[in-house]
Amino acid sequence: MDLDMIIEKRRSVRSYTSFVPSDRDIEKLVVAAGAAPSAGNLKARKTFVIRSRSKKMQDIIEVLHQEWVSEAPFLLLFCADTKAIEKYGDRGRDLYCIQDASIAATFAMLRATDIGLATCWVGAFDEEGISKAFGLPSHLRPVSILVVGYEK
Ligand SMILES: Cc1cc2nc3c(=O)[nH]c(=O)nc-3n(C[C@H](O)[C@H](O)[C@H](O)COP(=O)(O)O)c2cc1C
């Protein structure tokens, strides 16, 4: 799909069918996220794939308080890596790694639209709750969750 069409088509979807995207398609989103630019090319972000019916998905949904998310077959969790960006000091920790994670999520989101998947960016969550539910180490800060599936 042309980029202008992808940009035009993308919108937040909050209702999903039970049809599960293939691992190959989810991998395309992860690859797109990995191709995003990053400060000093340090890639100070981590992407995690969470499947529906996994314990992690259930725990995360409990923390999110956004019921519609439970319909989705996949979540992609984007985290800022505060350790990987240490050399840039406060600006690295407070800004660059958040930007790195956000650009990666944006790349994944646009790629999803490109291959016919629906998404919604979710950022309204209790950071500590998500970290606990996912068992994140302290240097990984959850920045956004991309809900992924097929639109109902
Ligand atoms: C930083 C950020 C946080 C967001 N958090 C949520 C959220 O927690 N829940 C939700 O349903 N949508 C969330 N959204 C999606 C926005 O509501 C949505 O992008 C906006 O209303 C514009 O609609 P569109 O994406 O269809 O163009 C978020 C979007 C961004 C960029």
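Residues numbered from 1 in each chain as written. Predicted model: local features only at pLDDT ≥ 70, side-chain atom pairs only at ≥ 80, totals over all residues. Heavy atoms only, no water.

Attention now goes to helix α5 (residues 127–134). Side chains of residues three or four places apart in an α-helix project in the same direction, reflecting 3.6 residues per turn. Inspection of α5 places Gly129, Ile130, Ser131, Ala133 and Phe134 among the buried residues, and these make up the whole buried set. Against the buried residues of α5 lie β1 (45–51), α3 (55–64), β2 (74–81) and β4 (140–149). Once α5 finishes, Gly135 follows within two positions and takes phi at roughly 70 degrees, a positive value. (Buried < 20%, exposed > 50% of the residue type's maximum accessible area, 1.4 Å probe, protein only. Helix = DSSP H or I, 4+ residues; strand = E, 2+ residues; numbered from the N terminus. Contact = heavy atoms within 4.5 Å.)

This paragraph deals with the site of the ligand. Inspection of the region around the ligand gives Arg10, Arg11, Ser12, Arg14, Gln66, Trp68, Cys120, Trp121, Val122, Gly123 and Ala124 as its neighbouring residues. Arg10 places a side-chain nitrogen or oxygen 2.9 Å from an oxygen atom of the ligand. Take Ser12: an N or O atom from its side chain is 2.5 Å from an oxygen atom of the ligand. Residues of the shell around the ligand, tallied by class, amount to five nonpolar, three polar and three charged. (Near = heavy atom within 4 Å. Polar contact = N/O pair within 3.5 Å; in protein donor to acceptor, adjacent residues only side chain to side chain. Nonpolar A, V, L, I, M, F, W, Y, C, P; charged D, E, K, R; others polar.)

Let us now look at the packing of aromatic side chains. For any two aromatic rings, the description comes down to two numbers: the centre-to-centre distance and the angle of the planes. Applying the stated criterion to the full structure yields three aromatic pairs. An angle of 55 degrees between the planes, with centres 4.9 Å apart, marks the rings of Phe48 and Phe134 as tilted. On the criterion of sequence distance, the pair formed by Phe48 in strand β1 and Phe134 in helix α5 is long-range, its members being 86 residues apart. Over the ring of Phe134 we find Lys56, and its NZ or CZ is 4.7 Å from the ring centre. (Phe/Tyr/Trp six-rings, centres within 6.5 Å; stacked < 30°, edge-to-face > 60°. Lys NZ or Arg CZ within 6 Å of the ring centre and 35° of its normal.)

Let's shift gears to the nonpolar core. Ranked by internal contacts, the top residues of the largest apolar core, which has 25 residues, are Ile60, Ile145 and Val147. With five residues, the top contributor of residues to this core is α3. Filtering out sequence-adjacent residues up to four positions away, Ile145 remains in contact with Ile60, Leu64, Leu75, Leu76, Leu77, Cys120, Trp121, Val122, Phe125 and Ile130. Of all hydrophobic cores here, the second largest spans 22 residues; its members include Ala36, Ala80, Ala104 and Leu117. (Core = buried A, V, L, I, M, F, W, Y, C linked by side-chain atoms within 4.5 Å.)

Just distances and angles here, no functional claims.
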